[in-house]
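The lines below spell out each chain.
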Amino acid sequence: MSSQTDATASVQAANEDALQQLPFGDEQDLADVERGFVAALEPGVVTGTDGNVVWDSDAFAFLEQDCPPTVHPSLWRQSRLCARQGLFEVTDGIYQIRGLDLSNMTLVEGDTGVIVIDPLISAETAAAGLSLYRAQRGDRPVTGVIFSHCHIDHFGGVKGVTTEDDVAAGRCPILAPAGFVEHSVAENVYAGAAMARRSAYMYGAALPRGPQGAVGAGLGPTTSTGTPTLITPTVDIDHTGQTETVDGVRIEFQLTPGTEAPSEMNFYFPDRRALCMAENATHTLHNLLTLRGALVRDPHVWAKYLTESINRYAARTDVLFASHHWPTWGTERLTEFLSVQRDLYGYLHDQTLRALNKGATGIEIAESIELPPKVAQAWHTHGYYGSISHNVKAIYQRYMGWFDGNPAKLWEHPPVESARRHVEFMGGANEVLRKARESYAAGDFRWVAQVLNYVIFAEPDNAEAKALQADTLEQLGYGSENGTWRNFFLMGAYELRNGSVGTPIVTASPDISAALTVEQAFDAIALRVDGPRAWSADLTIDWNIKDEGVVHRTQLHNGVLVHFDVDGEMPAPGAAFTLTRQDLLAGLLGGEDLGEMISGGSVEVDGNSAALTELIGYLDAPDPDFAIVTP
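Residues numbered from 1 in each chain as written. Predicted model: local features only at pLDDT ≥ 70, side-chain atom pairs only at ≥ 80, totals over all residues. Heavy atoms only, no water.

**A word on the environment of Gly-220**
So, point 1. Along the chain, the position of Gly-220 falls in the loop between helix 7 (192-202) and strand 10 (235-237).
So, point 2. Residues in contact with Gly-220, not counting those within four places in the same chain, are Cys-82 and Leu-102. (Helix = DSSP H or I, 4+ residues; strand = E, 2+ residues; numbered from the N terminus. Contact = heavy atoms within 4.5 Å.)

**A closer look at the pairing of strand 12 (residues 249-255)**
So, point 1. Along strand 12, 6 of the 7 residues are buried, which leaves the element largely enclosed by surrounding structure.
So, point 2. With antiparallel pairing between neighbouring strands as the criterion, strand 11 (residues 243-246) and strand 12 make up a hairpin whose turn holds 2 residues, including Asp-247 at a positive phi of roughly 50 degrees.
So, point 3. For strand 12 and strand 13 (residues 265-269), the ladder comprises 4 bridges, and the chain directions are antiparallel. In the strand pairing of strand 13, Gln-254 is matched with Asn-266. (Buried < 20%, exposed > 50% of the residue type's maximum accessible area, 1.4 Å probe, protein only. Pairing = 2+ DSSP bridges.)

**Observations regarding a nonpolar patch on the surface**
So, point 1. A cluster of nonpolar side chains, contributed by Trp-402, Leu-410 and Trp-411, occupies part of the molecular surface with about 520 Å² of accessible area.
So, point 2. Of the residues examined, Leu-410 reaches a relative accessible area of 48% and is grouped as partly exposed. (Patch = residues over 30% accessible without salt bridge, like charges linked within 9 Å, V, L, I, M, F, W, Y side chains within 5 Å. Areas by Shrake-Rupley, 256 points an atom, 1.4 Å probe, with all protein chains shown as cover. Salt bridge = Lys/Arg side-chain N within 4 Å of Asp/Glu carboxyl O.)

**Here we look at the side chain of Glu-124**
So, point 1. On the secondary structure map, Glu-124 appears in helix 4 (residues 123-137).
So, point 2. Buried and unpaired, Glu-124 has no salt bridge, with Lys-159 as the nearest side chain of opposite charge at 12 Å.
So, point 3. Side-chain polar atoms of Glu-124 contact the backbone nitrogen of Thr-227, separated by 2.8 Å.
So, point 4. Once residues within four sequence positions are removed from consideration, Glu-124 is found in contact with Val-46, Thr-47, Gly-48, Val-54, Gly-226 and Thr-227. (Lys, Arg positive; Asp, Glu negative; His and termini not counted. Polar contact = N/O pair within 3.5 Å; in protein donor to acceptor, adjacent residues only side chain to side chain.)

**So, the pattern of salt bridges**
So, point 1. Under the counting rule described, the total for this entry stands at 31 salt bridges.
So, point 2. Salt-bridge contacts for Asp-511 lead to Lys-159; the nearest nitrogen and oxygen are separated by 3.0 Å. One end of the pair, Asp-511, is in helix 18 (residues 510-514); the other, Lys-159, is in the loop between strand 8 (142-146) and helix 5 (164-168), and 352 residues separate them in sequence.
So, point 3. Overall, the relative accessible area of 30% leaves Lys-159 in the partly exposed class.
So, point 4. Put simply, Arg-434 and Glu-431 hold a salt bridge, and the shortest N to O gap is 2.7 Å. You can see Arg-434 and its partner Glu-431 sitting in helix 14 (residues 429-441), 3 residues apart, about one turn around the helix.
So, point 5. For Arg-434, a relative accessible area of 39% translates into the label partly exposed.
So, point 6. Overlapping salt bridges, with partners in common, bring together Glu-431, Arg-434, Lys-435 and Glu-438 in one network.

**Section: the sheet that holds strand 9 (residues 174-177)**
So, point 1. The 8 strands are arranged 1-4-5-6-7-8-9-10 in an open sheet whose pairing can be described as mixed. In this open sheet, the two strands that pair with only one neighbour each are strand 1 (37-39) and strand 10. Each neighbouring strand pair of the sheet contributes to a mean axis angle of 25 degrees, computed without reference to strand direction.
So, point 2. Across the sheet, helix 4 touches strand 1, strand 4 (86-91), strand 5 (94-98), strand 6 (105-109), strand 7 (114-117) and strand 8, and the angle it forms with strand 6 is around 40 degrees. (Axes fitted to C-alpha atoms, helices over the stretch in contact; angles between N-to-C directions.)

**Details of unusual backbone geometry**
So, point 1. At the junction of Glu-42 and Pro-43, the peptide bond is cis and its omega measures out at -10 degrees in the coordinates.
So, point 2. In the Ramachandran plot, Asp-247 falls in the positive-phi region, its phi being about 50 degrees despite a non-glycine side chain.
So, point 3. With phi around 50 degrees, Ala-278 is a residue other than glycine that occupies positive phi space.
So, point 4. Within the element layout of this structure, Ala-278 appears in the loop between strand 14 (274-276) and helix 8 (299-313).

**Let's talk about the packing of aromatic side chains**
So, point 1. Per the counting criterion, the structure on display carries 19 aromatic pairs.
So, point 2. Arranged with centres 5.2 Å apart and planes meeting at 65 degrees, the rings of Phe-24 and Trp-379 form a pair that is edge-to-face. In this pair, Phe-24 is assigned in the loop between helix 1 (9-21) and helix 2 (28-34) and Trp-379 in the loop between helix 11 (373-376) and helix 12 (388-400), connecting sequence segments 355 residues apart.
So, point 3. Ring geometry for Phe-269 versus Phe-321: centroids 6.4 Å apart, planes at 25 degrees, classification stacked. Within this pair, whereas Phe-269 is found in strand 13, its partner Phe-321 is found in strand 15 (residues 319-321), the two being separated by 52 residues in sequence. Per residue, the accessibility class of Phe-269 equals that of Phe-321, and both read buried.
So, point 4. Residue placement shows Arg-77 over the ring face of Trp-379; its charged tip is 3.9 Å from the ring centre.
So, point 5. Just above the ring of Phe-37 sits the side chain of Arg-84; from NZ or CZ to the centre is 4.3 Å. (Phe/Tyr/Trp six-rings, centres within 6.5 Å; stacked < 30°, edge-to-face > 60°. Lys NZ or Arg CZ within 6 Å of the ring centre and 35° of its normal.)

**A closer look at the pairing of strand 5**
So, point 1. Burial of strand 5 is extensive: 5 of the 5 residues sit out of reach of the surface.
So, point 2. Because side chains alternate across strand 5, one face comprises the buried residues Ile-94, Gln-96 and Arg-98, and the other comprises Tyr-95 and Ile-97, equally buried.
So, point 3. Inspection of the sheet shows strand 4 paired to strand 5 by 5 bridges, in the antiparallel sense. Paired with Gly-86 across the bridge in strand 5 is Arg-98.
So, point 4. Between strand 4 and the antiparallel strand that follows it, strand 5, lie 2 residues; Gly-93 among them carries a positive phi value of about 85 degrees.
So, point 5. For strand 5 and strand 6, the ladder comprises 4 bridges, and the chain directions are antiparallel. If you follow Ile-97 over to strand 6, its bridge partner there is Met-105.
So, point 6. The hairpin turn running from strand 5 into strand 6, its antiparallel successor, is 6 residues long, and Gly-99 in that turn takes a positive phi close to 80 degrees.

**Structural notes on the nonpolar core**
So, point 1. Core analysis: the biggest nonpolar cluster contains 43 residues, and Met-105, Val-142, Val-145, Phe-147 and Val-161 have the highest contact counts within it.
So, point 2. The dominant element in this core, judged by the number of residues it contributes, is helix 4, at 5 residues.
So, point 3. Contact partners of Met-105, with chain neighbours within four places excluded, come to Tyr-95, Gln-96, Ile-97, Val-116, Ile-117, Asp-118, Pro-119, Leu-120, Ala-126, Gly-129, Leu-130 and Val-161.
So, point 4. With 35 residues, the next largest nonpolar core counts Tyr-268, Leu-306, Leu-353 and Ile-365 among its residues. (Core = buried A, V, L, I, M, F, W, Y, C linked by side-chain atoms within 4.5 Å.)

**Some details on the sheet that holds strand 14**
So, point 1. Within the open sheet, the 6 strands sit side by side as 11-12-13-14-15-16. Their pairing is mixed. Looking at strand neighbours, the two that pair on one side only are strand 11 and strand 16 (328-329), the edges of this open sheet.
So, point 2. With 4 bridges joining them, strand 11 and strand 12 adopt antiparallel strand pairing. Residue Val-246 lies in a different strand from strand 12, and its bridge partner there is Val-249.
So, point 3. Of the strands in this sheet, strand 12, strand 13 and strand 14 touch helix 8, which is tilted by about 145 degrees from strand 12.

Given below as structure tokens:
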């Protein structure tokens, strides 16, 4: 492994300036993060059944030291707060597990057991958190689960706290916002391979924990690497004001679709004057478009729902908690917190639209926009996870798309061809490297990264360019207040020096794949058709899903896989297969051999079985190891 660099004088000076300018005298968060502490997991290590470590909070113990020159002091502060690990009392009968995954797991005590809110990413970390709670509060059964939204860090550990049998028997209802399964499955399957690969950068998967490596992701320390699971919810929350009673606990729900997730909800506990804000109001500026990729979120709607939360709940709430970070206590304080969070998203939206309607482009607006002083001075508006820069560009993208209106940008060369021409115009790679070193010495790292990227894409084997680019990205990381930006920069440096780490986390786990509907399964298959190879194919196959009583037809024509339920008389297909939905999923997406399933009798065939072989032959496989910092 190649050696890392120290922070340059210019980065050290910028970080020192931040230390002097930011309100480090405000220590309210330091008090809040300790409030209600009950016990820690000791040691703070969680292993899987194979003995491999899936979570290690002790690896972040270095954050108790003073901030070094290689980390932005504001990010160091945030990371230290996020790394505080253990069981905490929020209010009477409500507890949180914090610091055992990227997210929090909340436990609400009912008449006979405990309701679990958002059981982390992995079954292993969720089980460890539940064991920590039971060691302090008794061996209470899990009598309900709530998924606040459709991101994997809020449902993946569900089988660590309950079982499919208990859910099916009605002993443990699972509540989730309407559309939860559709959106949770779509995100982890449709673009799952690309998102997972970029997630390795976003969360610093291969980085050593330490002052020159990973210090946290702003939203939490990092992601666990255990087993993601899913159990289909049994109760849909489909309107704001819906009230459910679970194990004697009354809960009032507020649907917030299109905010931090396409399917999300806040909820209020009237008998405990406690409000859960899911991931809609946390101690950071959140993402409007995550660096791993996602649909662009709507800050206008986000701000409106925060206003609704204030008006519906704030005056009758004593404590606000969320599925990340630490709670806020006191009606006045939490109302102010929600108001500033609301103004943060509303201001970014409105001012970006104001500027773009004057002709400014996304990148121009991102460089010039400033938050109102009262908003900027609050620690919880800082861009530890999202950032003003990439959120403004996301808003621009939401309304205007990728094109900024300048016809010179309408048909630019792709990266490699563009890079070769840039390097040639600049006088060749050696001249670019010479000038880049001068810019590096001057501390102009943004420019160095841009021009060296041309050299690397023009000459992928140029070791000198890759080494200097690694040093450059490292300095950009050392100066980043944003945790995910730091991880992206440092992961780029790591892969330039050591090669690709691939995709350490698999989000499309068997449980998630098994939750696909027939419609979603064929949507996912359609995304894998190699269009050019299938241009001349003409296949019609019927799929008789016997346990659901439907016949679904697929037609491959002009390289497009069209599919729909058969309704009424239609021309006969070339082949028909009769099978269960789970056999369909296993054979088409789960790696099972459909031919063996046919010979074994679990799949019946009518017509030309070779049609299946032909269809599968046109399918492509995603690449979990595609290049990011090299062509």
